[in-house]
Amino acid sequence: MDSDLTFSSRRSPVVCLHGCVASSQPLASTVGLDVLKRGGNAADAAVAIAAALAVTEPCTTGPGGDAFCLFYNGNTGEIKGINGSGRSPQALTLDLFEGRGFSAGTPPSAFDALNITVPGAPACWCDTVQLFGSKKLSLQEVLSGAVELAEEGFPVSEVAAHYWEKWTTALRSDGKALGEDLLTDSRPPRCGQVFKNPSLAQTIKELGERGKPAFYQGRVARAIVDVILQNGGVMTLEDLSSHDSEVVTPISTEYKGFRLWELPPNSQGLVALFLLNILENFPQLKAGGHNSPDYIHVLVEAVRLAQTDAFHYLGDPAHGAVPLESLLDKSYSRQRAQRVSMNRAMECVRPGLTTGSDTVYFCVIDSQGNACSFVNSTYMGFGTGLVPKDCGFSLQNRGAGFSLCREHINCVAGGKRPYHTLIPALLTDSSTKSQKPQLLAALGVVGAFMQPQGHIQVLLNMVEFGMNPQQALDAPRVFVHYDPKADGWLVKLEEGIDQEVAVELRKRGHMVTWPVTAPRSVPPGCDSGIL
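Residues numbered from 1 in each chain as written. Predicted model: local features only at pLDDT ≥ 70, side-chain atom pairs only at ≥ 80, totals over all residues. Heavy atoms only, no water.

Note the following rule: UniProt positions are given in the numbering used here, feature names are shortened, and annotations may be inferred rather than shown by experiment.
Going by an unreviewed UniProt entry, the chain carries the name Gamma-glutamyltransferase YwrD isoform X3 and comes from Austrofundulus limnaeus. As stated in UniProt under Sequence similarities (unreviewed entry), the record for the chain gives "Belongs to the gamma-glutamyltransferase family."

Thoughts on the packing of aromatic side chains
Rule in force here: Aromatic pairs are defined between Phe, Tyr and Trp rings, using the six-membered ring for Trp, whenever the two ring centres lie within 6.5 Å; interplanar angles under 30 degrees are classed as stacked, those over 60 as edge-to-face, and all others as tilted.
The tally for this structure, following the rule as stated, stands at 15 aromatic pairs. Ring geometry for Phe311 against Tyr419: centres 5.9 Å apart, planes inclined by 40 degrees, an arrangement best described as tilted. These aromatic residues form a ring-pair network of at least three members: Phe154, Trp164, Phe195 and Phe382.

Observations concerning the nonpolar core
Defined as follows: To qualify as a nonpolar core, a set must consist of buried Ala, Val, Leu, Ile, Met, Phe, Trp, Tyr and Cys residues joined through side-chain atoms within 4.5 Å. Each residue's exposure class comes from its accessible area (1.4 Å probe, protein chains only) as a fraction of the maximum for that residue type: buried when under 20%, exposed when over 50%, partly exposed otherwise. Helix and strand labels come from DSSP, where a helix needs a run of H or I of at least four residues and a strand needs a run of E of at least two; each type is numbered from the N terminus. It only takes one pair of heavy atoms within 4.5 Å for two residues to be counted as in contact.
Core analysis: the biggest nonpolar cluster contains 83 residues, and Trp125, Ile224 and Phe374 have the highest contact counts within it. Considering every element that reaches this core, the biggest residue donor is helix H2 (residues 42-56), with 13 residues. Once you skip the residues sitting within four places of it in the chain, Ile224 turns out to touch Phe215, Met235, Leu240, Pro388, Phe393 and Leu395. If you look at the next biggest cluster of nonpolar residues, it comprises 59 residues, including Ile251, Leu273, Ile278 and Ala472.

Here we look at helix H5 (residues 139-152)
Convention followed: To estimate how far a helix should reach, multiply one less than its number of residues by 1.5 Å. The angle between axes fitted to the seven-residue stretch ending at a residue and the seven-residue stretch beginning at it gives the bend at that residue.
Relative to the 20 Å expected for 14 residues at 1.5 Å per residue, H5 spans 20 Å between its end C-alpha atoms, a close match to the ideal helical length. Of all the bends in H5, the greatest, near 35 degrees, is centred on Gly145. All of the buried residues in H5 are Leu139, Val142, Leu143, Gly145, Ala146, Val147, Leu149 and Ala150. For H5, the secondary structure elements touched by its buried residues are helix H1 (26-37), H2, helix H4 (121-132), strand E4 (154-155) and helix H7 (198-210). Directly after H5, the chain includes Gly153, whose backbone phi takes a positive value near 90 degrees.

Re the pairing of strand E2 (residues 66-72)
Worth spelling out the cut-off: At least two bridges found by DSSP between two strands are what make those strands a pair.
Taken across its seven residues, E2 has seven buried, putting it largely inside the fold. Burial along E2 is two-sided: the face carrying Asp66, Phe68, Leu70 and Tyr72 and the face carrying Ala67, Cys69 and Phe71 are both buried. Bridge count between E2 and strand E3 (residues 79-84): six bridges; the pairing is antiparallel. In the sheet register, Cys69 faces E3, and the bridge partner there is Ile82. Between E2 and E3, which pair antiparallel in sequence order, lie six residues; one of them, Gly77, sits at a positive phi of approximately 80 degrees.

Brief notes about the domain arrangement of the chain
Applied cut-off: Where each domain starts and ends follows an automatic or database-derived domain assignment. Buried area: the sum, over both parts, of the accessible surface (1.4 Å probe) that disappears when the two are put together. The working definition used for a salt bridge is a side-chain nitrogen of Lys or Arg within 4 Å of a carboxyl oxygen of Asp or Glu. Pairs of N or O atoms are called polar contacts if they sit within 3.5 Å, as long as, within protein, a hydrogen donor faces a hydrogen acceptor (for residues adjacent in sequence, only side-chain-to-side-chain pairs).
Per the domain assignment, the segments making up the chain are domain 1 (20-247 + 360-401) and domain 2 (249-356 + 423-530). Here the C-alpha centroids of domain 1 and domain 2 sit 27 Å apart. Summed over both partners, the interface of domain 1 with domain 2 buries about 2,500 Å², with 70% contributed by carbon and sulfur atoms. Area buried by domain 1 at its contact with domain 2 is led by Leu70, Ile79 and Tyr361, which between them contribute 25% of it. Applying the counting criterion to the domain 1 and domain 2 interface returns zero salt bridges. Inspection of the domain 1/domain 2 interface yields six residue pairs in polar contact (both at pLDDT 80 or more). Every element with two or more residues in the side of domain 1 that touches domain 2 is listed here: strand E1 (20-23), H1, E2, E3, strand E9 (358-365) and strand E10 (371-379).

A word on the pattern of salt bridges
In the structure shown here, the tally under the stated rule is 19 salt bridges. In this structure, Arg417 and Asp316 form a salt bridge, with 3.1 Å as the shortest nitrogen-oxygen distance. Arg417 gets classed as buried once you look at its relative accessible area, which sits at 3%. Given the relative accessible area of 1%, Asp316 is considered buried. Taken together, the salt bridges that share partners define one network made up of Asp95, Glu98 and Arg406.

Details of the sheet that holds strand E15 (residues 511-516)
Adjacent strands of a sheet form backbone hydrogen bonds with each other and so pair up, either parallel or antiparallel. Operational definition: Fitting a line to C-alpha atoms yields each axis, with helices limited to the stretch in contact; the angle taken between N-to-C directions then spans 0 to 180 degrees.
One open sheet holds the three strands; their spatial order is E13-E14-E15, and the pairing between them is mixed. Two strands bound the open sheet, and with one partner strand each, they are strand E13 (478-483) and E15. Adjacent strand axes in the sheet meet at a mean angle of 25 degrees when their direction is disregarded. Strand direction decides the pairing type here: strand E14 (residues 488-494) and E15, joined by four bridges, are parallel. Its bridge partner being in E15, Leu490 is matched across the sheet by Met511. Lying over the sheet, helix H12 (residues 293-313) contacts E13 and E14, oriented at roughly 45 degrees with respect to E13. Packed on one face of the sheet, helix H17 (residues 499-507) meets E14 and E15 and runs near 170 degrees to E15.

Regarding the sheet that holds strand E8 (residues 258-262)
Across the sheet, four strands lie side by side as E7-E8-E11-E12; this open sheet has antiparallel pairing. Pairing within the sheet leaves two strands with one partner each, and these edge strands are strand E7 (251-255) and strand E12 (439-443). When strand polarity is set aside, the average angle formed by the axes of neighbouring strands in this sheet is 20 degrees. As paired elements, E7 and E8 share five bridges and run antiparallel to each other. Within E8, the residue paired with Ile251 across the bridge is Glu262.

Points about unusual backbone geometry
Here the residue pair Pro265 and Asn266 is connected by a cis peptide bond, since its omega of 25 degrees sits within 30 degrees of zero. Looking at the element boundaries, Asn266 is found in the loop between E8 and helix H11 (269-279). The omega angle of the peptide bond from Trp514 to Pro515 is -10 degrees, so this bond is cis rather than trans. Locating Pro515 in the fold gives a position in strand E15. Here the phi dihedral of Asn291 falls at roughly 55 degrees; this positive angle occurs in a residue that is not glycine. Relative to the assigned elements, Asn291 resides in the loop between H11 and H12. With a phi angle near 60 degrees, Asp390 is a residue other than glycine that sits in the positive phi range. Along the chain, Asp390 falls in the loop between E10 and strand E11 (425-429). Assessed through its relative accessible area of 42%, Asp390 is described here as partly exposed.

Structural data, given as structure tokens:
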């Protein structure tokens, strides 16, 4: 973890009357707020923020990545989603990997050009404005703030400079190089340095003027294919031109009078819902207090159960059956919860059914009660670091999320979407079908497999422990993940959790790292604009 940047917040929760935007970057929040002032709604502002963050934080996001959107209609209470993840090139098969000497045990570098999937973010931006936007602003007007930032330049923030340097170094250590469009004199920009990106300004400007064809056909598409082929990838112009977003019906579960909404597979939103269903079986969850040994123990065990099932069953539903209804059935979560002992960590966790990195999150709520929960990412930092000529953005490495095991549901195949970590969320009351659900929160966190765990910890902080949204976000968190090298589940406890808790968890058999320190960039409550 990064120990040279610390997180400290003593902020009060933001309150407002006519609308609020929250993102990880104040310049991007200002761009979103400006869209609301000009008559745009939450969807318009979210896309404006997405584009602005592509300019100011290219080390985490950009048009070369994917995006997901959840939209709450303040008038009707209807909730819809957009899956903006791209598919693998049609020629990308397991036989191709094996023919190049790769396997599950010896995969290619995460930064390899073979891991580039079709960027879904630009199409998601366009579709979000078209389907959910106010119709008062054109796409060109929505994207104008990002174009201005890229053309005129912006001072690089401390956190962005940190990650810019970190991921540039990571690429170089792997024998790769970040494209010069994203460097200054072949170096990452320093904190406070003004950075301009005229190539990205032109790319976003063309997207605003011509929509999806400006990206998936013509100049930009040719540049994408050229740089991929030059580096050993297999993407074609047809792979790009055939891409489109998918409008999806969100999935949800109820917890103590609240309903949490997530996106369905290939997104891992299912993990958050399943995790919540398991935790519902522990009425004593808050008895010991927030981040007590009992609370964290139960949370960790529930994460292990939920994540294990997800790794086994979750993939692109167009390429294999995902047992969604079975996994979300409350009786199944009760069955899984029975495996948890309060005294000892489970020694072995296997899937229960018998049937067959870096990101930005942001949200907007407008004066009409609409809400847009949005997440955008290039996966690991700059992704592959490959920058199409004169385009100003890097290409994601989301294909690194595929399995190279032939029988696995998430096994690589042509035209397939990988297991995806990106998940925006919405929280409403648990109204009946005849009633309009009342919006309570748009929420999300960043951090790959941390995202479903973060959703649930933030939610429980508010629902079980009575915290306001700012307190819920500031509270120290727990991160649980499986480490193949250690052949076990690691539990990372953020600074602020008592050392005695770490000691007690180790006694129960957990492999604990304490304290973990790292910078945070999790809205809302980071850099907010209000009306």
